[in-house]
Each structure stands twice: as structure tokens, then as C-alpha cells.
Amino acid sequence: VTGVVMMLIGANSREVARAVDERIGEIGKTLPRGVSIDTYYNRTELVNKTIQTVAMNLAEGALLVIAVLILLLGNLRGGLIVASAIPLSMLIAFTGMTSAGLSGNLMSLGAIDFGLIVDGSVLMIENIVRKLSERNGGTKPRQEVLFEAGREVVRPIFFAVAIIIIVYLPILALTGVEGKMFRPMAVTVIFALAASLLLSLTLMPVLASFFLKGGGEEETRVVRWMKRIYRTVLERAIIWPKAPAA
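All of these numbers come straight from a predicted model, not from anything done at the bench. (Residues numbered from 1 in each chain as written. Predicted model: local features only at pLDDT ≥ 70, side-chain atom pairs only at ≥ 80, totals over all residues. Heavy atoms only, no water.)

## With respect to the overall build of the protein
Assigned secondary structure in the protein consists of eleven helices and zero strands. Start at the N end of the protein and walk to the C end: the helices and strands fall as α-α-α-α-α-α-α-α-α-α-α. Its C-alpha atoms give the protein a radius of gyration of 26 Å, clearly above 18 Å, the size a compact globule of 246 residues would have. Principal-axis analysis of the C-alpha atoms places the extent of the protein at approximately 90 × 50 × 35 Å. Considering the protein as a whole, with its 246 residues, one finds that 28% of them fall into the buried category. Sequence separation of at least 24 residues holds for 73% of the intrachain contacts in the protein that already meet a minimum separation of 6. For the protein, the accessible surface area stands at approximately 16,400 Å², while carbon and sulfur atoms represent 64% of it. Positive and negative charge centroids in the protein, built from 25 and 19 side chains respectively, lie 3 Å apart. (Helix = DSSP H or I, 4+ residues; strand = E, 2+ residues; numbered from the N terminus. Rg over C-alpha atoms; globule rule 2.2 N^0.38 Å. Buried < 20%, exposed > 50% of the residue type's maximum accessible area, 1.4 Å probe, protein only. Contact = heavy atoms within 4.5 Å. Areas by Shrake-Rupley, 256 points an atom, 1.4 Å probe, with all protein chains shown as cover. Lys, Arg positive; Asp, Glu negative; His and termini not counted. Charge placed at Lys NZ, Arg CZ, Asp CG, Glu CD.)

Laid out in C-alpha cells, this is it:
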């Protein structure tokens with residue numbers, strides 16, 4: 001005799017699989033001698049592997065973005081300040097998902113782009129570092145310099161993140177199977193982007209005021225190497241304009 005457990009629409013597959021497994025164990029104790037229930041397919045293993053894949057992708061993505069930030073910014077403290085936006089944005093996004101009753105899955109969490117999350121924070125910290133380097137030897141108060149640096153980039157940061165959020169809004173209008181699949185993804189990304197915008201405009205300047213010191217702004221070796229390659233390619237493109245146009 002073969003039996004199949006049917007999961008109700010909207011149910012959590014992990015919880016259902018765990019509950020079925022527990023119930024089978026209870027039923028097995030009441031069966032007559034020589035009769036047993038053997039599970040030949042259990043979705044728990046699939047769900048656990050999916051969760052491991054999501055966790056690994058999130059961890060690897062975060063570490064890669066942090067490494068690139070520190071490498072390109074050339075400022076360890078600035079890189080770590082920007083990197084702090086990743087776990088904090090994810091924490092706020094998870095809180096929003098919990099409040100909205102959304103479950104984390106491969107579709108919703110896999111769509112989060114850490115590069116987009118730190119975009120506003122990178123712009124804020126980069127401008128603050130530039131302003132502090134220009135302040136060296138000046139008489140302008142440090143807090144005033146930080147305020148001016150933040151005020152200069154508020155508008156571009158806001159509109160850059162707002163445009164990306166607007167792109168995801170039409171997905172919220174999907175219904176049926178498409179809505180079931182893609183609406184949680186869109187909501188999760190919107191939560192993460194909104195959190196990153198809030199952090200870039202509030203927390204980043206505060207952390208910069210505590211941990212960033214004034215100093216000369218120097219380009220890293222990686223940036224200088226990339227500029228050298230770009231300059232060579234640009235000069236050749238100017239000399240032979242027909243080649244890149246083709």
C-alpha cells in the first residue's frame with residue numbers, strides 16, 4: 001500500500017514534513033507485528049539542502065562584497081563601516097518578512113544583491129572620506145564637514161535606491177502562481193533596499209563621525225591599475241574611433 005501526504009496551499013513544507021515524520025513515528029508504535037511504515041521520499045532533506053544553499057550563497061556573497069569594498073576603498077575602517085550595512089539591512093529585511101508572514105526561500109533570499117544594498121553606503125562614506133581629506137589644515141569644524149558631505153549625496157542616494165525599488169513594484173500586482181512565486185521575492189528585496197537607504201542616510205554618517213579620521217585620500221593599487229588599463233584603452237579608442245564604433 002502506497003500513501004501520499006498532500007500539503008495544503010500556503011503551508012510551510014518544512015513544518016509539514018517534520019509533523020508528518022513525527023506522526024508516522026507515533027502511528028508506527030500502534031501497528032500490529034510484521035506491519036511497518038517505510039518512508040521512501042521525505043522532503044525534509046530537500047528543504048534542508050535548499051536552506052544550506054541559501055545560507056552559503058548569502059555568506060559567500062557578503063564576504064565577497066566586503067573584500068571588494070576594503071580592496072577598492074583603500075580604507076579599512078571605511079570598508080568595515082560600509083560592510084556593516086549588509087547584516088543590518090538583512091536583519092531589518094528579516095524583521096519585515098516576519099511581520100508580513102513571509103518565509104525565506106531560495107527565490108526570495110537568492111534575489112538579494114549585496115552590491116545594491118551597499119551602493120548608497122559606499123557613496124556616503126566615499127564622499128565623507130573626500131571631504132575629511134580636504135579639511136586637513138582647515139578651520140571648519142569636523143561635524144560641519146560631515147554634515148555637508150552627507151547633505152551633498154542625500155538626493156542621489158535617495159533617487160538611486162528609489163528607482164530600483166520602483167522597478168520591483170509591478171511584481172506586487174501579480175496573482176495566481178506567478179504571484180505566489182515572485183511577490184515574496186519582490187517584497188524581500190524592497191525591505192532590504194529600504195533598510196539600506198535608511199542606514200546609508202543615518203547610521204553611516206554617525207559611524208563615520210566616530211571611526212573615520214582626517215587624512216589624505218589615496219587611491220589603492222587596484223584602482224591605479226584599473227585606471228592605467230582604462231587610460232590605455234581610451235587613448236587607443238580615440239586614435240582609432242572606428243574600431244569601438246564597429
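Still more ground to cover, so stick around.
## Looking at the packing of aromatic side chains
Summed over the entire model, instances satisfying the criterion amount to two aromatic pairs. Consider the rings of Phe210 and Phe211, whose centres lie 6.4 Å apart with planes at 55 degrees: the pair is tilted. You can call Phe211 partly exposed: its relative accessible area is 43%. (Phe/Tyr/Trp six-rings, centres within 6.5 Å; stacked < 30°, edge-to-face > 60°.)

## Observations concerning the confidence of the model for the protein
Mean pLDDT over the protein stands at 82; residues scoring 70 or higher make up 93%. In the model of the protein, helix 5 (residues 106-110) stands out as the element of lowest mean pLDDT, 72, in contrast to helix 8 (residues 142-168), which has the highest, 89. (pLDDT = per-residue confidence, 0-100.)

## Remarks on helix 4 (residues 85-100)
With 16 residues, helix 4 should reach 22 Å at 1.5 Å per residue; the first-to-last C-alpha distance of 22 Å fits that figure. All of the buried residues along helix 4 are Ala85, Ile86, Ser89, Met90, Ala93, Gly96 and Met97. All buried residues of helix 4 fall inside an arc of 120 degrees around its axis, so they share one side. Summarising the geometry of helix 4, the exposed residues directed more than 90 degrees from the buried face are Leu91, Thr98 and Ser99. Directly beyond the C-terminal end of helix 4, a positive phi value near 75 degrees is found at Gly101. (Expected span 1.5 Å × (residues − 1). Arc of directions from axis to C-beta.)

## A few points about the nonpolar core
By size, the foremost hydrophobic cluster in this structure holds 42 residues, and its most contacted members are Phe114, Ile125, Ile128, Tyr168, Met204 and Leu212. Only helix 2 (43-73), helix 3 (76-83), helix 4, helix 6 (114-117), helix 7 (119-135), helix 8 and helix 9 (176-211) provide two or more residues apiece to this core. Considering each element in turn, this core owes the most residues, ten residues, to helix 9. The contact partners of Phe114, leaving out residues within four places of it in the chain, are Leu58, Gly61, Ala62, Val65, Ile86 and Met90. (Core = buried A, V, L, I, M, F, W, Y, C linked by side-chain atoms within 4.5 Å.)

## Observations concerning the side chain of Ser200
Following the sequence through the fold, Ser200 ends up in helix 9. Taking relative accessible area as the criterion, Ser200 reaches 0% and is therefore assigned buried. Discounting chain neighbours no more than four positions away, the residues touching Ser200 are Gly120, Ser121, Met124, Ile157 and Pro205.

## Some points on the packing of helix 4 against helix 9
Between helix 4 and helix 9, whose axes approach to 8 Å, the crossing angle comes to 135 degrees. One element, helix 4, and the other, helix 9, form an angle in the oblique class. In this structure, the crossing between helix 4 and helix 9 has a hand that is right-handed. Taking contact as the criterion, the partners of Ala85, Leu88, Ser89, Ile92, Ala93, Gly96, Met97 and Ala100 in helix 4 are, on helix 9, Thr188, Phe191, Ala192, Ala195, Ser196, Leu199, Leu203 and Met204. The class makeup of the residues in the contact of helix 4 with helix 9 is twelve nonpolar, four polar and no charged. (Axes fitted to C-alpha atoms, helices over the stretch in contact; angles between N-to-C directions. Parallel < 35°, antiparallel > 145°, perpendicular 65-115°, else oblique. Left-handed = near helix turned anticlockwise from the far one by under 90°. Nonpolar A, V, L, I, M, F, W, Y, C, P; charged D, E, K, R; others polar.)

## Remarks on the environment of Val68
Looking at where Val68 falls in the secondary structure, it is placed in helix 2. Note: C-alpha distance between Val68 and Gly79 (eleven residues apart in sequence) is 8.7 Å.

## Describing the pattern of salt bridges
If you walk through the whole model with that rule in mind, you get three salt bridges. Close ionic contact of Glu152 with Arg130 constitutes a salt bridge, the shortest N to O distance being 3.4 Å. Here Arg130 lies in helix 7 and Glu152 lies in helix 8, a separation of 22 residues in the sequence. Under the relative-accessibility criterion, Arg130 is labelled partly exposed at 29%. Between Glu152 and Lys131 there is a salt bridge, with the nearest N and O atoms lying 2.9 Å from each other. Residue Glu152 is located in helix 8, and its partner Lys131 is located in helix 7; the two are separated by 21 residues in the primary sequence. Judged by relative accessible area, which is 16%, Lys131 ranks as buried. (Salt bridge = Lys/Arg side-chain N within 4 Å of Asp/Glu carboxyl O.)

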